[in-house]
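What follows is each chain in one-letter form.
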Amino acid sequence: MSVIGCGYLGAVHAASMAKLGHEVVGIDVDKAKIDALAAGEAPFFEPGLPELLVESVASGRLTFSTDAAAARGSKVHFIAVGTPQKAGSYAADLRYVDAAVQGLVPHLQPGDLVVGKSTVPVGTAERLSRMVEPTGAMVAWNPEFLREGFAVKDTLTPDRLVYGLPPKAEESAVAKELLDEVYVEALRLDTPLVATDWATAELVKVAANAFLATKISFINAMAEISEVAGADVTELADAIGYDVRIGRRFLNAGAGFGGGCLPKDIRAFTARAEELGKGEALNFLKEVDAINLRRRDRVVELVVEALGGSAYNKKVAVLGLAFKPDSDDTRDSPALDVAVRLNGLGANVVASDPEAIANSRRLHPQLAYGSTNDALEGADAVVVVTEWAEYRTLDPASVGELVSGRIVIDGRNCLDAKQWREAGWQYIGLGRR
Ligand code: UGA
């Protein structure tokens, strides 16, 4: 099989498929990325990926190339390129998907299967199938639900498989058989499979991310109310979470969601609904987005308030830059956003992160970066914005020895408030007493 696009999704998919015994060629236009991957090095931080790459490359089943022609001879071709937000619009930018398929077309053979994994607006598979049709190849859509930080596990043992199959019965049967072969291991483990049409498969992916985003913004809205009502959103989340219909997961209030998926996916979904003349059906996602963005403002506001009304010339330790722990991804990261805004208010920000400093520096070279200790040394306030284990387990007494002011803003509600207060800190959570 070929995997076109070797980013967070494609690199993990290619290495995992090789681990499962398939012959895989990973293709990407970025030569530096391909060179690193071919040498068994992960070009980004993802737990378990380096070991998997080394093993798969050494087995001879995983190779990499910058040449689309390397896809020739593969039976199945996965499209795993990015679909970022289009500049100046909420819609998804499909130029990489289109370029990947255009580049692949000259190398397709009759009976090949092009499998879309990228998150796309509903209707894309149908459009691409018209590009692919003259070659005698088929198109299927097989969305990916992996989470960064757990990408290897999620790919090797997915919690469900979704196949969006072509409309013609004969093609649909052949495509399903090919996908069953690809996922034979997961199917052997009785992984639930939903075999459906293109449009449903495309929608499943954005619907799942829209639901997760809604869940997070719901609890963040409860945090906003808790703040004015004197309630505690963490206890509220625990209490409603005991209802299995609601569930406790994805109910952590804090600085909100970021990353390369949730924010742009909900926007692209609203843009697509509008194109389809059903914008009103997804108007609530605009609220979800707005609530989410307000939480970043709130973190900044709390820091300024705690510093007596101005952050100017105050040293602020920002702990966390990645959009979530166990990742070096800073795309649309609330943490990095908070650091930049505080810096813009004249604070002397020193930001730290176990993995995401290099990516942050590329985007925001104006910020000062350092180790956890560099950030904490002499700080007037400490802001925790990514819940890395290293920050969750900080000892408030010893941190207290390093800082100038014992003020901690817990932007992820991940610290033990009682413990920090007992160590003499002014502890401020989001939506917490
Ligand atoms: C998300 C989905 O969870 C995956 O299922 C999906 O496959 C992926 O997008 C994708 O479309 O590729 P990911 O972006 O890796 O995965 O991150 P999440 O774990 O969903 O976290 C997203 C953001 O929500 C993070 O910034 C996180 O800090 C925040 N979050 C999460 C909260 O603020 N509260 C929570 O309770 C949970």
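About the criteria used
Residues numbered from 1 in each chain as written. Predicted model: local features only at pLDDT ≥ 70, side-chain atom pairs only at ≥ 80, totals over all residues. Heavy atoms only, no water. Helix = DSSP H or I, 4+ residues; strand = E, 2+ residues; numbered from the N terminus. Buried < 20%, exposed > 50% of the residue type's maximum accessible area, 1.4 Å probe, protein only. Contact = heavy atoms within 4.5 Å. Lys, Arg positive; Asp, Glu negative; His and termini not counted. Charge placed at Lys NZ, Arg CZ, Asp CG, Glu CD. 1 Å grid on protein atoms, 1.4 Å probe; cavity = no way out; pocket = protein on both sides within 12 Å on 5 of 7 lines; lining within 4 Å. Points joined across faces, edges and corners; volume = space filled by probe spheres on them. Nonpolar A, V, L, I, M, F, W, Y, C, P; charged D, E, K, R; others polar. Pairing = 2+ DSSP bridges. Axes fitted to C-alpha atoms, helices over the stretch in contact; angles between N-to-C directions. Phe/Tyr/Trp six-rings, centres within 6.5 Å; stacked < 30°, edge-to-face > 60°. Lys NZ or Arg CZ within 6 Å of the ring centre and 35° of its normal. Core = buried A, V, L, I, M, F, W, Y, C linked by side-chain atoms within 4.5 Å. Salt bridge = Lys/Arg side-chain N within 4 Å of Asp/Glu carboxyl O.

### Some details on the overall build of the protein
- Helix and strand content of the protein: 18 helices and 14 strands.
- By residue count, 55% of the 433 residues in the protein fall in the buried class.
- A separation of at least 24 residues holds for 72% of the contacts in the protein among residues at least 6 apart in sequence.
- Taking the 45 positively charged and 59 negatively charged side chains of the protein as two groups, their mean positions are separated by 3 Å.

### Let's talk about empty space enclosed by the protein
- Under the counting rule described, the total for this entry stands at two cavities of 30 Å³ or more.
- Contributing to the lining of the largest cavity are T83, A92, T119, V120, P121, V206, K264, D265, A268, F269 and R272.
- Here the lining of the largest cavity takes five residues from helix α11 (residues 262–275), the largest share from any one element.
- Of the residues contributing to the lining of the largest cavity, the split by class is six nonpolar, two polar and three charged.
- Considering the residues around the second largest cavity, the lining is formed by I79, V101, V114, G116, L128, V132, V139, A140 and W141.
- At the level of secondary structure, the elements contributing two or more residues to the lining of the second largest cavity comprise β5 (113–116), α5 (124–132) and β6 (138–141).

### Observations concerning the sheet that holds strand β13 (residues 407–410)
- Strand order in the open sheet made by the six strands is β11-β10-β9-β12-β13-β14, with parallel pairing throughout. The sheet is open, and its two edges are formed by β11 (368–369) and β14 (426–429), each paired on a single side.
- Relative to β13, strand β12 (residues 381–384) runs parallel, the two sharing three bridges. By the bridge assignment for β13, V383 is matched with I409.
- Sitting on the sheet, helix α13 (residues 334–344) touches β9 (315–319), β10 (348–352), β11 and β12, and the angle it makes with β9 is about 170°.

### What to know about the packing of aromatic side chains
- Per the stated rule, a full pass over the model turns up four aromatic pairs.
- Residues Y8 and F44 carry aromatic rings whose centres are separated by 4.3 Å and whose planes lie at 40° to one another, so their mutual orientation is tilted. Linking Y8 in helix α1 (residues 8–19) with F44 in the loop between α2 (31–38) and α3 (49–58), this pair joins segments that are 36 residues apart in sequence.
- Given a relative accessible area of 10%, F44 falls into the buried group.
- The ring of F150 is capped by R147, whose NZ or CZ atom sits 4.3 Å from the centre of that ring.
- The residue whose ring lies beneath R160 is F145, and the NZ or CZ to ring-centre distance is 3.5 Å.

### Overview of unusual backbone geometry
- Of note, the phi angle at F250 is positive, near 65°, even though the residue is not glycine.
- The residue F250 is located in the loop between α10 (233–241) and α11 in this model.
- Since its relative accessible area comes to 36%, F250 is described here as partly exposed.
- One non-glycine residue, N313, lies in positive phi territory at about 65°.
- Mapped onto the elements, N313 comes out in the loop between α12 (283–306) and β9.
- Residue N313 is classed as exposed on the basis of its relative accessible area, which comes to 62%.

### Description of the nonpolar core
- With 54 residues, the main nonpolar core has L342 and I409 as its most contacted residues.
- By size, the runner-up hydrophobic cluster in this structure holds 39 residues, among which are L9, A140, A151 and Y163.

### Quick look at the pattern of salt bridges
- Under the defined criterion, the tally for this structure stands at 35 salt bridges.
- E133 is the salt-bridge partner of K168, the closest N and O atoms lying 3.8 Å from each other. Here the residue K168 occupies a position in the loop between β7 (161–165) and α7 (169–182), and E133 occupies one in the loop between α5 and β6, the gap between them amounting to 35 residues.
- Its relative accessible area of 48% is what places K168 among the partly exposed residues.
- Across the pair E301 and R298 runs a salt bridge whose closest N-O atoms are separated by 2.5 Å. Here E301 pairs with R298, and both are found in helix α12, just three residues apart, close to one helical turn.
- Classification of R298 as buried rests on a relative accessible area of 18%.
- Salt bridges here are not isolated pairs; linked through shared partners, they connect E224, E227, R294, R295, R298, E301 and E305.

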